[in-house]
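Topology and contacts: notes
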Amino acid sequence: MWSKPLSALLWRGLAIARRGGSRYGSVPAGALVSWIAFQTFVNVGMTVGLVPIVGVPLPFVSYGGSATVAGLVAIGLLQAVHRTKAMEA
């Protein structure tokens, strides 16, 4: 159920990172997408039973105030990289 929105978010984030205007935009955008992807894959792996349970929340789905705030800040930074690239073109 949640795989489509998260995969679309990761796909779009990678597109933003690839099209970043400079390294100052592309590298942080790629790191943020990697961070969200890592959290997603670890949480799904814990749910399925492939990895040990460590308490990583599923981004934007699981309850957790600080994790949600950090995820929203990451999305805001991705939007800033995308907006900066759009303004330069």
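Residues numbered from 1 in each chain as written. Predicted model: local features only at pLDDT ≥ 70, side-chain atom pairs only at ≥ 80, totals over all residues. Heavy atoms only, no water.

Attention now goes to the side chain of threonine 40. Of note, threonine 40 is situated in helix α2 (residues 23-48). Those residues in contact with threonine 40 that sit more than four places away from it in its chain are Leu6, Leu58 and Pro59. (Helix = DSSP H or I, 4+ residues; strand = E, 2+ residues; numbered from the N terminus. Contact = heavy atoms within 4.5 Å.)

Let us now look at the packing of helix α1 (residues 3-18) against α2. Between two packed helices, what matters for the description is the angle formed by their axes and the separation of those axes. Remark: α1 packs on α2, axes separated minimally by 8 Å, with the N-to-C direction vectors making an angle of 160 degrees. Classified by the angle between their axes, α1 and α2 sit roughly antiparallel to one another. The handedness of the crossing between α1 and α2 comes out as left-handed. Across the interface between the two elements, Leu6, Leu9, Leu10, Gly13, Leu14 and Ala17 from α1 touch Ser26, Ala29, Gly30, Val33, Ile36, Ala37 and Thr40 from α2. Partitioned by chemical class, the residues of the contact of α1 with α2 number nine nonpolar, four polar and no charged. (Axes fitted to C-alpha atoms, helices over the stretch in contact; angles between N-to-C directions. Parallel < 35°, antiparallel > 145°, perpendicular 65-115°, else oblique. Left-handed = near helix turned anticlockwise from the far one by under 90°. Nonpolar A, V, L, I, M, F, W, Y, C, P; charged D, E, K, R; others polar.)

What follows deals with the nonpolar core. Core analysis: the largest hydrophobic core is formed by twelve residues, namely Leu10, Ile16, Ala17, Ala29, Leu32, Val33, Ile36, Ala37, Ala74, Ile75, Leu78 and Val81. Sorting the residues of this core by element identifies α1, α2 and α3 (65-88) as the ones contributing at least two each. For this core, the leading source of residues is α2, giving five residues. Apart from residues no more than four positions distant in its own chain, leucine 78 is found in contact with Gly13, Ile16, Ala29, Leu32 and Val33. (Core = buried A, V, L, I, M, F, W, Y, C linked by side-chain atoms within 4.5 Å. Buried < 20%, exposed > 50% of the residue type's maximum accessible area, 1.4 Å probe, protein only.)

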